[in-house]
Amino acid sequence: MAQYDTLDVIPDRGGARTTTSRAKRTEFVDGYKQKVIVGLHATLSNSTFSYSGTYDDCVAVETFLRDRIGTAFYFRFMPQEPYKLFETSEDITLTHGGGLRWTVAAAFSQYIGF
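Scoring rules and cut-offs
- Residues numbered from 1 in each chain as written.
- Predicted model: local features only at pLDDT ≥ 70, side-chain atom pairs only at ≥ 80, totals over all residues.
- Heavy atoms only, no water.
- Helix = DSSP H or I, 4+ residues; strand = E, 2+ residues; numbered from the N terminus.
- Expected span 1.5 Å × (residues − 1).
- Buried < 20%, exposed > 50% of the residue type's maximum accessible area, 1.4 Å probe, protein only.
- Arc of directions from axis to C-beta.
- Polar contact = N/O pair within 3.5 Å; in protein donor to acceptor, adjacent residues only side chain to side chain.

**Student:** Can you break down helix H1 (residues 55-67) residue by residue, with the values?
**Tutor:** Within an α-helix, residues lying three or four positions from one another point in the same direction, as the helix has 3.6 residues per turn. Its 13 residues place the ends of H1 18 Å apart at the C-alpha level, agreeing with the 18 Å of an ideal helix rising 1.5 Å per residue. Every buried residue of H1 is accounted for by Cys58, Val61, Glu62, Phe64 and Leu65. Taken down its axis, H1 places every buried residue within 160° of arc, on the same side. Across H1 from its buried face, at more than 90 degrees, point the exposed residues Asp56 and Asp67.

Next comes the structure, spelled out in structure tokens:
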């Protein structure tokens, strides 16, 4: 079994999640409809994430994410959710929010199989 790293921080509220499916739909002349799923991992879930905290905490989260661009790791968006396998895109930003507050934001992809 493969060994994966985990990111265990509680993100800020307001993240977004979109889900798209790769499916082919056909409707025949007699009214019959057919839907065929294309591929093993036919559903793609894209999520955004932001975390606010001290500079050191945000740099640690950013470093974790940048080191894993294109590789898989386990993450959960809410403490009550189970860990899910994600892949990080290259869209990672670290911004200063004034005072001691910093924010790191990132985008994830998750392929869901049927």
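**Student:** Kindly report on the side chain of Ser52, identifying the contributing residues and their values.
**Tutor:** Considering the arrangement of structural elements, one finds Ser52 in strand E5 (residues 43-53). Polar side-chain contacts of Ser52 include one of 3.0 Å to the side chain of Thr103.

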